[in-house]
Amino acid sequence: MDVLTSNWSNIQSLPESYVFPLERRPGTNNIPASKDIPIINLEKIYGPERSEIVQHIIKASQDFGLFQVINHGVSRDLMDQTMRIFQDFFASPAEFKSRFYSNDLNSSCRLYTSTLNYKNETVHYWRDNLTHRCHPLEDHITHWPENPSGYRNIIGKYSIEARKFLLTMLELICEGMGLETGYFGGELSKTQLISVNHHIPCPNPSLTLGMPEHCDPNLISMLQQGNISGLQALKDGRWIGIEPLPNAFVVIPGLQLRVISNGKLSSAVHRVVTNSKESRTTIGTFLTPSSDILIRPADSVLKESSLTPLYRGYTYKEFFSMFTGNNCEAERALECFKL
């Protein structure tokens, strides 16, 4: 059988290699969407309500480690076009998609299934993933697919707008934490990835997962969910559903923000469950530090409350080496840098 699930059709039963051990299965319990997920409205961000919005962002980052953002400045038309392009990509013939299949972390564009460790996994995740680098755009766009028609033009525009939005969120977080303007610019947010997950309908969602329980290892993430549920976050020891909101982005502070804030900000543990009726495509955008930049608790954060640093300084290259060496479990990797 082709390893890419998006090449499958008429799957009537879950392959054994996708059945998780009993203790890791999501089970049949319905997890409703939480009504408590913070929603940040950026409509009046340049008015007198700015400081209130900033504090709302900080509180959401502390209490939930994620939040949804509306009126963010990225047009609904561009969001819809981008979603259609990626859905069409995954619906493309297997022969076309095979050109992009790769497990090379350094590739400007790679398509894979489950995780990058597919060959050594005992159980696979019910997803295909397309990831590509997108900043600076001119360095990477020629490595992207040319089809479906308009791919490079539309995804290029989306990449630029997504970066602008995430840098705005980082600047607001700067204000809320008392950091100097532009603290997260330059090398701390140098690398940008788009990561698109595609989950076909699953014969038995109670036995498998679309993505593992994890924290994001990067600086900050945003997710365009579409209109199909599946994202869940761990809150106070229980899973809660993150309801897709029209024209909204889910924002998740990464573990590097936790370190820079000296533990003030949290990063939500989250996972993805599958469903039996509809395909689900989501568009993630990640900002990540450059390999050699030093990451440590910010001096101004420590001075503000005479705090002792919780983490030693390290380069992102060091962190990522620990991350891959610990089976891509970000929390376990971060433990290696605690003081």
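These figures come from a predicted structure and were not determined experimentally.

Peer 1: Tell me about unusual backbone geometry, and name the residues and values.
Peer 2: The omega torsion across H135 and P136 is -5°, close enough to zero to call that bond cis. Within the element layout of this structure, P136 appears in the loop between β4 (128-133) and α4 (137-140). Along the chain, N147 connects to P148 via a cis peptide bond; the corresponding omega equals 5°. In the Ramachandran plot, N10 falls in the positive-phi region, its phi being about 55° despite a non-glycine side chain. Here N10 is to be found in the segment before β1 (39-41). According to the relative accessible area criterion, N10 is exposed, its value standing at 67%.

Peer 1: Tell me about the UniProt feature "domain: Fe2OG dioxygenase" (unreviewed entry) in the chain, and name the residues and values.
Peer 2: Mapped onto this numbering, the UniProt entry gives "domain: Fe2OG dioxygenase" (unreviewed entry) at residues 189-289. Helix makes up 6% of residues 189-289 and strand makes up 44%, while its end C-alpha atoms are separated by 5 Å.

Peer 1: Describe the packing of helix α2 (residues 76-90) against helix α5 (residues 151-177), and please don't skip the residues or the numbers.
Peer 2: Across the interface, α2 lies against α5 with an axial gap of 10 Å and an inter-helix angle of 130°. As summarised for this structure, α2 and α5 are arranged oblique, according to the angle between their axes. With respect to the hand of their crossing, α2 and α5 are arranged in left-handed fashion. Seen from α2, the contacting residues are L78, M79, Q81, T82, I85, F86 and F89; seen from α5, they are Y151, I154, I155, K157, Y158 and E161. Along the lines of polarity and charge, the residues of the contact of α2 with α5 split into nine nonpolar, two polar and two charged.

Peer 1: Account for α5, with residues named and values stated.
Peer 2: Think of an α-helix as 3.6 residues a turn; residues three or four steps apart then line up on the same face. Helix length check: α5 (27 residues) gives 38 Å between terminal C-alpha atoms against 39 Å at 1.5 Å per residue, within 8%. Of the residues one or two after α5, G178 is the one with positive phi, at around 75°.

Peer 1: Go over α2 with me, naming the residues and quoting the values.
Peer 2: With 15 residues, α2 ought to run about 21 Å at 1.5 Å a step, and its terminal C-alpha atoms sit 21 Å apart, in line with that. Among all positions in α2, only L78, M79, T82, M83, I85, F86, F89 and F90 are buried. Viewed along the axis of α2, the buried residues span an arc of 160°, placing them on a single side of the element.

Peer 1: Residue-level account of the pattern of salt bridges, with values.
Peer 2: It is possible for side chains bearing opposite charge to pair when their charged atoms get close. Taken as a whole and assessed by the stated rule, the structure comprises nine salt bridges. With a shortest N-O distance of 2.7 Å, D63 and K59 are connected by a salt bridge. With D63 and K59 both in helix α1 (residues 50-63), this residue pair falls four residues apart, about one helical turn. A relative accessible area of 34% places D63 in the partly exposed class. Here D292 ties to K317 by a salt bridge, and the two come within 3.1 Å at their closest N and O atoms. Here K317 lies in helix α8 (residues 316-325) and D292 lies in the loop between β12 (280-288) and β13 (294-295), a separation of 25 residues in the sequence. Overall, D292 belongs to the exposed group, its relative accessible area being 54%. Among the residues examined, K317 registers a relative accessible area of 49% and is labelled partly exposed.

Peer 1: Can you explain the packing of aromatic side chains? Please cite residues and give values.
Peer 2: Between two aromatic rings, the relevant description is the distance of the centres plus the angle of the planes. Under the definition given, this model contains 18 aromatic pairs. Look at F319 and F337: their rings are 6.3 Å apart centre to centre, the planes differ by 35°, and that puts the pair in the tilted class. Of this pair, F319 sits in helix α8 while F337 sits in the segment after α9 (330-335), placing them 18 residues apart in sequence. Taking the ring centre of W239 as reference, the NZ or CZ of R271 above it sits at 4.2 Å.

Peer 1: Would you mind going over the packing of α1 against α5 in detail, with residue names and values included?
Peer 2: The interhelical angle for the contact between α1 and α5, taken along N-to-C directions, is 90°, at an axis separation of 9 Å. Classified by the angle their axes make, α1 and α5 are roughly perpendicular. Contacts between α1 and α5 involve R50, V54, Q55, I57 and I58 from the former and M169, L172, I173, E175, G176 and M177 from the latter.

Peer 1: Go over the sheet that holds strand β7 (residues 220-224) with me, naming the residues and quoting the values.
Peer 2: An order of β1-β2-β10-β7-β12-β5-β4-β3 is seen for the eight strands of this open sheet, with the pairing classed as mixed. Of all strands in the sheet, those with a lone pairing partner are β1 and β3 (109-113), marking the two edges. Ignoring which end each strand starts from, the neighbouring axes of this sheet average 25° apart. Sheet topology note: the β7/strand β10 (residues 249-253) ladder contains four bridges and is antiparallel. Within β10, the residue paired with S221 across the bridge is I252. Strands β2 (67-70), β4, β5 (191-199), β7, β10 and β12 of the sheet are contacted by α5, whose axis makes an angle of about 130° with β7.

How each quantity is defined
Residues numbered from 1 in each chain as written. Predicted model: local features only at pLDDT ≥ 70, side-chain atom pairs only at ≥ 80, totals over all residues. Heavy atoms only, no water. Helix = DSSP H or I, 4+ residues; strand = E, 2+ residues; numbered from the N terminus. Buried < 20%, exposed > 50% of the residue type's maximum accessible area, 1.4 Å probe, protein only. UniProt positions renumbered as here; feature names shortened; annotations may be inferred. Axes fitted to C-alpha atoms, helices over the stretch in contact; angles between N-to-C directions. Parallel < 35°, antiparallel > 145°, perpendicular 65-115°, else oblique. Left-handed = near helix turned anticlockwise from the far one by under 90°. Contact = heavy atoms within 4.5 Å. Nonpolar A, V, L, I, M, F, W, Y, C, P; charged D, E, K, R; others polar. Expected span 1.5 Å × (residues − 1). Arc of directions from axis to C-beta. Salt bridge = Lys/Arg side-chain N within 4 Å of Asp/Glu carboxyl O. Phe/Tyr/Trp six-rings, centres within 6.5 Å; stacked < 30°, edge-to-face > 60°. Lys NZ or Arg CZ within 6 Å of the ring centre and 35° of its normal. Pairing = 2+ DSSP bridges.

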